[in-house]
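Analysis of the macromolecular model
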Amino acid sequence: MPRTARDVVFVDGVRTPFGKAGPKGLYAETRADDLIVRVIRELRRRNPSLPADRVDEVAIAATTQTGDQGLTIGRSAAVLAGLPKSVPGYAIDRMCAGAMTAVTTVAGGIAFGAYDVAIAGGVEHMGRHPMGEGVDPNPRFLAEKLVDPSALVMGSTAENLHDRFPHITRERADAYALRSQQKVAAAYEAGRIQPDLVPMAIRSQEKGYGLATRDEPPRPETTLEGLAGLKTPFRPHGHVTAGNAAGLNDGATGCIVAAEDVAAELGLPVRMRLVDYAFAGVEPEVMGVGPVPATEKLLARNSLTMDGIGLIEINEAFAVQVIAFLDHFKIADDDARVNPWGGAIALGHPLASSGVRLMMQLARQFAERPDVRFGLTTMCVGMGMGGTVLWENPSFEGGK
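Residues numbered from 1 in each chain as written. Predicted model: local features only at pLDDT ≥ 70, side-chain atom pairs only at ≥ 80, totals over all residues. Heavy atoms only, no water.

**Some details on helix α6 (residues 170–189)**
The end-to-end C-alpha distance of α6, which contains 20 residues, comes to 29 Å, matching closely the 28 Å that a straight helix rising 1.5 Å per residue would cover. Restricting attention to buried positions, one finds in α6 the residues Arg170, Ala173, Asp174, Tyr176, Ala177, Leu178, Ser180, Gln181, Val184, Ala187 and Tyr188. Each element contacted by the buried residues of α6 is listed here: α5 (154–164), α7 (224–228), α10 (319–328) and α11 (344–347). Glycine 191, located one to two residues past α6, shows a positive phi value of around 75°. (Helix = DSSP H or I, 4+ residues; strand = E, 2+ residues; numbered from the N terminus. Expected span 1.5 Å × (residues − 1). Buried < 20%, exposed > 50% of the residue type's maximum accessible area, 1.4 Å probe, protein only. Contact = heavy atoms within 4.5 Å.)

**Things to note about the environment of arginine 219**
Take arginine 219: it is sitting in the loop between β7 (208–212) and α7. The spacing of arginine 219 and leucine 347 is 128 residues in sequence and 9.0 Å in space, taken between C-alpha atoms. With sequence-adjacent residues up to four places away left out, arginine 219 is seen in contact with Lys20 and Gln181.

**A short note on α5**
Here α5 lies mainly inside the structure; nine of its 11 residues are buried. Every buried residue belonging to α5 is among Met154, Gly155, Ser156, Thr157, Ala158, Glu159, Asn160, Leu161 and His162, and all of these are buried.

**A few points about the pattern of salt bridges**
A complete count under the given rule lists 26 salt bridges for this structure. For arginine 45, the salt bridge goes to glutamate 42, with nearest N and O atoms at 2.9 Å. One end of the pair, arginine 45, and the other, glutamate 42, are both in helix α1 (residues 32–46), three residues apart, so they sit about a helical turn from each other. Given the relative accessible area of 7%, glutamate 42 is considered buried. In this structure, glutamate 368 engages arginine 192 in a salt bridge whose closest nitrogen and oxygen atoms are separated by 2.8 Å. Remark: arginine 192 occurs in the loop between α6 and β6 (200–204) and glutamate 368 occurs in helix α12 (residues 354–368); sequence separation between them is 176 residues. Relative accessible area serves as the criterion here: at 31%, arginine 192 is assigned to the partly exposed category. Connected through salt bridges with shared partners, the residues Arg6, Arg54, Asp116, Asp261 and Glu265 form a single ionic network. (Salt bridge = Lys/Arg side-chain N within 4 Å of Asp/Glu carboxyl O.)

**Examining the pairing of strand β11 (residues 374–381)**
In terms of residue burial, β11 counts as a mostly covered element, since eight of its eight residues are buried. Covered by surrounding structure in β11 are Phe374, Leu376, Thr378 and Cys380 together with Gly375, Thr377, Met379 and Val381, the residues of both alternating faces.

**Remarks on the nonpolar core**
Counting 77 residues, the largest nonpolar core has Ile36, Val58, Leu83, Val123, Met359 and Trp391 as the members making the most contacts within it. The leading source of residues in this core is helix α3 (residues 98–112), at eight residues. Apart from residues lying up to four places away in sequence, valine 123 is in contact with Ala32, Leu35, Ile36, Ile60, Ala61, Ala62, Gln69, Ile73, Gly251, Ala252, Ala352 and Ser353. Counting 41 residues, the second-largest nonpolar core is a separate cluster that includes Ala278, Ile309, Ala319 and Ile323. (Core = buried A, V, L, I, M, F, W, Y, C linked by side-chain atoms within 4.5 Å.)

**Digging into the packing of aromatic side chains**
Overall, the coordinates contain three aromatic pairs when judged by the stated rule. Where phenylalanine 10 meets tryptophan 391, the ring centres are 5.9 Å apart and the plane angle is 80°; that geometry is what we call edge-to-face. Note that phenylalanine 10 is positioned in strand β1 (residues 8–15) and tryptophan 391 in strand β12 (residues 385–392), a separation of 381 residues in sequence. Residues phenylalanine 10 and tryptophan 391 agree in their burial class; the two are buried. (Phe/Tyr/Trp six-rings, centres within 6.5 Å; stacked < 30°, edge-to-face > 60°.)

**A look at unusual backbone geometry**
Phi angles above zero are rare outside glycine, and lysine 145 is one such case at about 50°. Positionally, lysine 145 belongs in the loop between α4 (140–143) and α5. Judged by relative accessible area, lysine 145 falls into the exposed class, the value being 72%. Positive phi values are uncommon outside glycine, yet serine 303 reaches one of about 50°. Summarising the element assignment, serine 303 is placed in the loop between α9 (291–301) and β10 (311–314). Note on serine 303: relative accessible area 69%, which makes it exposed.

**With respect to the side chain of serine 180**
Mapping serine 180 onto the fold places it in helix α6. You can call serine 180 buried: its relative accessible area is 1%. Within polar-contact distance, the side chain of serine 180 engages the backbone nitrogen of glycine 343 at 3.1 Å. What serine 180 contacts, discounting residues up to four positions off in sequence, is Glu316, Gly342, Gly343, Ile345 and Ala346. (Polar contact = N/O pair within 3.5 Å; in protein donor to acceptor, adjacent residues only side chain to side chain.)

On their own, these measurements won't tell you what the molecule is for.
So this is what it looks like as structure tokens:
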């Protein structure tokens, strides 16, 4: 029997505050699965008109699927969060684009008619599970020169980008990083970040119990002079520092995605409409350029140019990678459309969870900007990939 595709919408998104990975970080003694369980419970609490048994799937991403991030995290988190045992779940891995892929994958299922409503998100506890933990790369990668040895060290891939685009200087990267910190500080000051955060109970053997209520990584006191004095750990006299890159972080994100007609039936809000998405591969040693071909593919398929995009949420794994994207599309480093509330350089980048953070920030901005019709969420991905999702603003008034 013939099927017709259905429109897919972003209903709501929440996240834990992001912490710094390591023995002194917010979540040093908190389990990864407890982070994502907290997010799922909060999504349900905030959307009481969604019956638990109407959730058709739970797709949760993690880059390092072991320990408390293993055991088919989507299913185990669904059970731990108190969803009915009849609700299935699964785990996804596309490194940094894990949560983004969780959303696009369940969205495909919704458009096809296999699901009505799904929960998608990601979790990464880089303190407990450093990137690459337990990995055994096939020796053919290097023996057959399939990739450069630097391909598996993300900071080195960023240095490679500086080599490829020598006009992207360290000074320019530092200036971009400073703006990210300032924008996050301003967004916090204006109360724009807080509505998407769910307070997370934390414990510490030393300090007892506590509550995480805001992101730990931002450094509002950052100055250009301070950034200029930082070491370049990936290369002597290099360009990439702890100041112009995202840190190592812990955190979880999640969202509700639904068919538009089902959202209307259940009285769920529609914050964004998913138009299309694209993923692309690039040379792993310059994985930071990944968002460029993914975005090119998406714009071409939808007969759009960058002029038609009113807001861009790009994940700031490294300042150089963002600037390479902006240069390609002839967008100024300080263009107001790009990460208006700052990005991962200040907020943090718990790998697999970041894609949904981009979405929830874009959804909030859409609500404030009825003059904007289309927005992008885009990111580079380890092993040489990029992913971009095109969203439409349901509050757009330009057509009226």
